Amino acid sequence: MHRLVGRDDDLSACWHLLSTGRRLACVTGEPGAGKTGLLDALDAQARDAGWEVIRLRGRASERALPYAGVVELLAARQVHLGPDLRRRAAEVSADLVGPRPGQAPTSALALRLGILDWLADAATERPLMVVVDDQHWWDDSSWDVLSFVANRLAGTSVAVLVATRALTSARGVEEADVVALAPLGLEQSLALLDTLELPLGPVARISVTDRARGNPLALREFARTAGSVTNPMDPDTRLGSLAASEPPAVPPKVEAAFAAELPGLPATTRRVLLLAAAGGADLPVLSRVVADPPESHRTRGGLARDLGPAEESGLISVVDGRVRFRHPLVRSTVYAQASTAERLAAHRDLADAYVDDPARGTWHRAAATTGPDDDLALELVRAAGAATGRGAHSEGARAMLRAAELSSRRADRESRMLEALVMLGQTGQLGRLQALSERVLAETDDPKVRALAAHRVAYAMAQSMRQTAALDALEGSLDELLRVEPESGWASLTTLASLTYQTGRGADRVRVWYDRYRRDAPPAPPPYDQVTRAAQAWIETALAPLSRAPQNLALVRETPPLDLELPGELLAPQEMMLGATAWLLDEPEVAMRRLEKSVELQRQGNAPGQLIQTLMALGQVQFDRAAFADAALTARTMIDLAEADNLGYYLLTGRELLARVTVVLGDPEVARSEALALLRAVDVGECAALEANLHVTLARASFTRGDLAAAYRYGRALFDRDGAPLHEHVSYRALGDLVAVAVRAGERDDVLGVVERARGQLEATTSPRFAVILQRALGLLAEGDEAEAYLELATSEPSAARWPFELAHARLGYGVWLRRRRRTAAARAQLALAQEAFARVGAITLAEAAAAELRAAGVSTEEASPSSWSELTAQERQIARLAAAGLTNREIGKRLFLSPRTVSTHLYHAFPKLGVTSRTQLRDVVERLSG
């Protein structure tokens with residue numbers, strides 16, 4: 001190992017990051033900056049401190065192999081693991097290589113949580129560090145898993161150290177602290193040359209440092225090359241060899257320094273190096289090739305003899321049965337220096353040599369093939385299907401795209417490129433998806449292919465928060481879909497309506513298309529027409545979220561279960577669309593029932609893409625019903641699913657929902673910090689619904705902190721100067737809170753126009769919820785008897801109890817109004833109801849505010865001690881309910897995407913809080929406390 005020079009501060013920074021806080025560090029730097037040397041030093045320091053270390057390295061030849069990195073991680077060859085941990089690792093590895101017949105593949109989230117638990121268990125006795133060098137060469141599926149795990153290490157004894165060539169942190173761990181390796185200074189560069197003990201004179205040393213520009217690898221290689229062309233016993237010769245400004249012995253690039261060493265090696269050695277560089281670094285594989293080389297190379301012990309010169313020159317070493325190049329640039333240089341014919345021959349030889357690894361053999365045949373080959377294309381199609389079946393969508397797309405390139409028939413080529421687009425849509429890699437889409441659109445004139453390609457790109461754009469561009473892309477495909485595949489057209493319209501709701505604009509454009517589809521699209525046969533009708537109800541309501549069309553109210557209330565008529569893959573989205581429509585129609589009970597059913601169906605069907613859409617709507621309903629703990633749990637599940645499946649938009653909406661819940665439950669600082677970070681991540685105007693909810697959260701956080709000016713500023717941002725809402729649905733739901741803050745902040749006159757405009761909109765709707773909100777706002781602005789009439793209406797609306805949070809706010813406002821007019825008895829009644837409601841739903845700060853008003857009204861209040869049930873976390877409550885219902889830990893884990901061990905841990909913490917010692921006792925206690 002090279003001595004580390006000039007990196008003491010970097011070493012200390014990394015060690016601090018790995019041993020505290022998030023336990024995650026990302027080392028970045030250009031090739032040759034010394035990333036591997038720093039990792040070696042940290043590896044040694046960790047072992048000296050008693051840590052276990054799993055050392056991993058990305059390889060360019062394995063980027064197309066699904067989960068290659070994770071399988072290597074689970075092998076954990078360098079650490080001592082007990083039999084149970086080895087068994088669990090072997091089971092996961094076997095599932096990743098290929099699920100057993102009849103066994104459903106592990107979901108993306110369950111896989112990630114399982115590996116997180118496995119690592120945590122592996123670090124029970126000694127801290128564990130996972131080191132990934134050359135992360136940029138890791139296969140995407142493995143990195144998606146490890147980045148998810150790396151973001152959840154706080155509080156464990158596991159740390160992750162990553163080195164990458166990226167300019168910033170690696171994808172998936174963008175918030176990780178980065179240790180960027182800067183070039184060495186002159187003094188440090190000269191110190192490094194001293195460690196090499198090469199016979200370089202003063203001029204040569206300066207020349208080498210000048211050309212290397214602080215790159216440690218360049219310093220070593222330039223020095224090696226300089227020394228190799230001179231007589232080391234002749235100082236004058238050494239001095240003269242580098243005295244000229246551009247001596248031929250010093251190459252202009254580090255790669256050229258490596259290349260200069262290759263011609264001096266025997267041809268047989270260069271051939272073996274090329275095989276290793278092409279992906280055949282395992283000695284058994286190389287032996288199979290070298291065992292039957294051209295006649296001139298057939299000798300006993302040929303492989304060891306052929307590798308010898310490269311080992312002696314230091315270009316390679318053989319470790320654990322693999323050829324390891326001195327630096328990744330050596331590998332790439334060896335490969336680049338070979339001719340096209342030599343590279344093709346190497347891949348053909350390796351394809352034949354990988355007799356026990358068909359996947360690698362297929363990829364080498366693909367690399368060796370220059371023209372159409374339909375049989376090989378079919379092999380790649382099967383490989384792509386196997387990869388995506390295990391959740392490795394990026395590698396599946398790679399295989400499918402190569403299959404398209406090798407297809408002789410145009411129809412096969414286009415259909416396979418479309419399949420690759422679908423697979424890429426699951427990865428979050430928008431750049432790759434857009435490039436492939438542009439290629440598809442450039443190469444085809446088939447309207448169906450063009451329309452479906454546009455649909456996939458629009459979906460990816462929406463996930464990357466480019467909602468406006470997604471809306472435009474979808475709209476551009478609707479005409480062609482209407483003619484060639486109207487079912488997909490309806491799906492696009494449904495997505496388009498969702499985008500319109502999110503952006504808060506484009507409703508008129510979408511409505512034109514909707515009317516055209518209703519007029520021209522052929523009707524679906526029963527019972528599939530029910531799915532279309534559910535889609536239509538969603539489209540109509542999303543385009544006009546303040547409306548309550550009677551036919552849609554009847555549909556969401558009265559449509560019977562179609563469990564026997566529809567397959568599960570259609571029943572779940574039907575229930576989802578009806579439930580989401582019921583949410584916008586302010587039918588919370590119906591929405592909960594249908595959305596919970598859809599969630600159950602989607603969990604059974606392992607459909608994370610649909611599940612997260614349903615959870616987004618379910619979380620909104622839970623928040624509206626003041627089930628804040630449940631909403632927080634839903635938000636966290638959304639965040640986990642979104643990170644597991646690269647769903648950027650849903651990740652932001654999950655984080656927004658959690659921030660909104662957090663401020664209500666009494667942690668304004670955390671909520672404010674998160675909301676500000678999210679607001680910075682969203683382009684203005686791209687997602688008005690998300691922006692508006694973030695302003696609501698920031699207003700509440702500022703109010704809770706006592707900053708009335710900031711609270712009013714954020715709340716007022718929900719409407720423009722003329723009173724038009726930022727987002728019609730979200731902004732008007734916050735109208736009451738805005739007016740309450742405006743009155744307190746002395747801004748009453750400024751909101752008069754906002755409320756007057758809102759009144760014109762909200763009085764036209766039949767929603768009892770908006771009636772409560774509007775009457776509260778009008779009452780807070782009015783005077784005397786008129787104010788009381790409005791506030792009385794707000795608190796006496798017959799169905800207002802369906803929205804306990806809004807009703808409690810209205811009662812608090814009415815109670816304060818009554819108290820200030822010395823109507824103490826009436827004030828106490830309203831304030832007591834408000835305080836009880838806020839306390840019941842966990843809104844601590846608001847409950848305390850209501851209690852303070854009660855004390856001002858002459859009522860002695862005591863701090864309410866939380867019940868044993870409320871002491872449980874949201875996830876502990878959910879697990880306790882399921883355990884009380886008779887489910888096993890494994891069944892609970894499958895339903896909630898948790899490992900059985902995690903379920904057991906939650907129950908271990910819940911039992912003493914509830915005062916029980918068995919599941920039999922748990923059933924009675926849960927029924928009593930959660931009722």
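Residues numbered from 1 in each chain as written. Predicted model: local features only at pLDDT ≥ 70, side-chain atom pairs only at ≥ 80, totals over all residues. Heavy atoms only, no water.

The protein goes by AAA family ATPase in an unreviewed UniProt entry, where it is assigned to Nocardioides mangrovi.

K.L.:
Teacher, can you tell me more about the overall build of the protein here?
P.N.:
Regarding its fold elements, the protein presents 48 helices and seven strands. The C-alpha radius of gyration of the protein comes to 33 Å, within 12% of the 30 Å expected for a compact globule of 931 residues. Each principal axis of the C-alpha atoms in the protein carries an extent, and together these give about 105 × 60 × 60 Å. Put simply, the protein has 931 residues, and 55% of those count as buried. A total of about 39600 Å² of accessible surface is found on the protein, and carbon and sulfur atoms cover 52% of it. When the 107 basic and 119 acidic side-chain charges of the protein are each reduced to a single mean position, those positions are 1 Å apart. (Helix = DSSP H or I, 4+ residues; strand = E, 2+ residues; numbered from the N terminus. Rg over C-alpha atoms; globule rule 2.2 N^0.38 Å. Buried < 20%, exposed > 50% of the residue type's maximum accessible area, 1.4 Å probe, protein only. Areas by Shrake-Rupley, 256 points an atom, 1.4 Å probe, with all protein chains shown as cover. Lys, Arg positive; Asp, Glu negative; His and termini not counted. Charge placed at Lys NZ, Arg CZ, Asp CG, Glu CD.)

K.L.:
Could you clarify how one ought to interpret the sheet that holds strand β4 (residues 158–164) in this entry?
P.N.:
Note on sheets: strands pair through backbone hydrogen bonds, and any given pair is parallel or antiparallel. Judged by pairing direction, the sheet is parallel, and its five strands sit side by side in the order β2-β3-β4-β1-β5 without closing on themselves. A strand with exactly one partner marks an edge of an open sheet, and here the two such strands are β2 (52–57) and β5 (178–180). Going from strand to strand, the sheet's axes swing by 15 degrees on average, the running direction of each strand aside. Relative to β5, strand β1 (residues 24–28) runs parallel, the two being bridged by three bridges. Pairing of threonine 28 across the sheet is with alanine 180, part of β5. Relative to β2, helix α2 (residues 35–48) is tilted by about 160 degrees, and along the sheet it contacts β1, β2, β3 (128–133) and β4. (Pairing = 2+ DSSP bridges. Axes fitted to C-alpha atoms, helices over the stretch in contact; angles between N-to-C directions. Contact = heavy atoms within 4.5 Å.)

K.L.:
Sorry, what's going on with unusual backbone geometry here?
P.N.:
Excluding glycine, residues mostly have negative phi values, and the peptide bonds linking residues are mostly trans. Omega for the peptide link from proline 526 to proline 527 comes to -5 degrees, which places this bond in the cis form. When you line up the elements, proline 527 lands in the loop between α25 (507–520) and α26 (528–543). At arginine 213, a residue that is not glycine, the phi angle is positive and equals roughly 50 degrees. For arginine 213, the position within the fold is in the loop between α8 (202–212) and α9 (216–228). Judged by its relative accessible area of 68%, arginine 213 is exposed. With a phi close to 65 degrees, alanine 626 is a non-glycine residue in the positive phi region. Looking at the element boundaries, alanine 626 is found in the loop between α30 (608–624) and α31 (628–644). Here alanine 626 falls in the buried class, since its relative accessible area comes to 6%.

K.L.:
Could you clarify how one ought to interpret the pattern of salt bridges in this entry?
P.N.:
For side chains of opposite charge, pairing can occur when their charged atoms come near one another. Under the criterion given, the structure shown has 64 salt bridges. A salt bridge links arginine 305 to aspartate 306; the shortest N-O distance between them is 3.9 Å. When its relative accessible area of 48% is taken as the criterion, arginine 305 is described as partly exposed. One network of salt bridges, with partners in common, ties together Arg63, Asp140, Asp144, Arg171, Arg398 and Arg432. (Salt bridge = Lys/Arg side-chain N within 4 Å of Asp/Glu carboxyl O.)

K.L.:
I'm lost on the confidence of the model for the protein in this one. Help?
P.N.:
Looking at the protein, pLDDT values average 85 and 91% of them are 70 or higher. The low-confidence segment residues 863–867 (pLDDT under 50) makes one contact with residues lying over four places distant or belonging to another chain. (pLDDT = per-residue confidence, 0-100.)

K.L.:
It is not clear to me how the pairing of β2 should be interpreted in this structure. Could you clarify?
P.N.:
The two faces of the sheet receive side chains in turn, since in a regular strand these alternate between them. Taking burial as the measure, the six residues of β2 include five buried ones, the bulk of the element. By the bridge criterion, six bridges tie β2 to β3 in an arrangement that is parallel. Residue pairing in the sheet places glutamate 52 in a bridge with leucine 128 of β3.

K.L.:
Help me understand the nonpolar core in this model?
P.N.:
Here is a general trend for soluble globular proteins: nonpolar side chains tend to be buried in one another's company. Of all hydrophobic cores here, the largest spans 187 residues; its most connected members are Leu493, Tyr517, Leu735 and Phe838. Those residues in contact with phenylalanine 838 that sit more than four places away from it in its chain are Phe805, Ala808, His809, Leu812, Ala843, Leu846, Ala847 and Ala850. Of all hydrophobic cores here, the second largest spans 39 residues; its members include Val79, Val149, Val160 and Ala387. (Core = buried A, V, L, I, M, F, W, Y, C linked by side-chain atoms within 4.5 Å.)

K.L.:
Would you mind going over the environment of glycine 685 with me for this structure?
P.N.:
Checked against the element boundaries, glycine 685 lands in the loop between α33 (668–681) and α34 (688–704). C-alpha of glycine 685 to C-alpha of alanine 68: the two residues are 617 residues apart in sequence and 41 Å apart in space. Non-local contacts of glycine 685, meaning those with residues more than four positions away in its chain, are made with Thr468, Arg505 and Glu691.

K.L.:
I keep staring at the side chain of aspartate 10 and nothing clicks. Help me out?
P.N.:
Within the element layout of this structure, aspartate 10 appears in helix α1 (residues 8–19). Residues in contact with aspartate 10, not counting those within four places in the same chain, are Leu38, Val179, Ala180 and Leu181.

K.L.:
Can you walk me through the packing of aromatic side chains in this structure?
P.N.:
Here the distance between the centres and the angle between the planes together describe a pair of aromatic rings. Using the criterion set out here, one finds twelve aromatic pairs in the structure. For the pair tryptophan 138 and tryptophan 143, a centre-to-centre distance of 6.4 Å together with 80 degrees between the ring planes defines the contact as edge-to-face. Tryptophan 143 shares its class with tryptophan 138; the two are buried. Ring geometry for tyrosine 814 versus tryptophan 817: centroids 6.4 Å apart, planes at 40 degrees, classification tilted. One end of the pair, tyrosine 814, and the other, tryptophan 817, are both in helix α41 (residues 804–820), three residues apart, so they sit about a helical turn from each other. Under the relative-accessibility criterion, tryptophan 817 is labelled buried at 11%. (Phe/Tyr/Trp six-rings, centres within 6.5 Å; stacked < 30°, edge-to-face > 60°.)

K.L.:
In this structure, what is going on with the pairing of strand β7 (residues 322–325)? I would like to understand it.
P.N.:
Across four bridges, strand β6 (residues 316–319) lies against β7 in antiparallel orientation. The partner of valine 318 across the bridge, within β7, is valine 323. Hairpin remark: β6 followed by β7, antiparallel, with two residues in the connecting loop; positive phi at aspartate 320, about 50 degrees.

K.L.:
What should I look at first to understand the packing of helix α4 (residues 83–97) against helix α5 (residues 108–122) in this one?
P.N.:
Relative placement of two packed helices is described by the angle separating their axes and the distance separating the axes. At a minimum axis distance of 11 Å, the contact between α4 and α5 shows a crossing angle of 155 degrees. Judged by the angle between their axes, α4 and α5 are roughly antiparallel. Considering the relative orientation of α4 and α5, their crossing is left-handed. Side by side, α4 and α5 meet where Leu85, Arg88, Ala89, Val92 and Leu96 of the first sit next to Leu111, Asp117, Trp118, Asp121 and Ala122 of the second. Classifying every residue of the contact of α4 with α5 gives seven nonpolar, no polar and three charged. (Parallel < 35°, antiparallel > 145°, perpendicular 65-115°, else oblique. Left-handed = near helix turned anticlockwise from the far one by under 90°. Nonpolar A, V, L, I, M, F, W, Y, C, P; charged D, E, K, R; others polar.)

K.L.:
Even after reading the chapter, I still don't get the environment of valine 319, so can you show me in this structure?
P.N.:
One can find valine 319 in strand β6. Overall, the relative accessible area of 28% leaves valine 319 in the partly exposed class. As for valine 319 and alanine 176, which are separated by 143 residues in sequence, their C-alpha atoms are 32 Å apart.

K.L.:
Explain the side chain of serine 731 to me, please; I cannot follow it from the model alone.
P.N.:
Along the chain, serine 731 falls in helix α36 (residues 728–733). Judged by its relative accessible area of 0%, serine 731 is buried. From its side chain, serine 731 meets the backbone nitrogen of leucine 726 in a polar contact 3.5 Å long. Once you skip the residues sitting within four places of it in the chain, serine 731 turns out to touch Ala692, Leu718, Phe719, Pro725 and Leu726. (Polar contact = N/O pair within 3.5 Å; in protein donor to acceptor, adjacent residues only side chain to side chain.)

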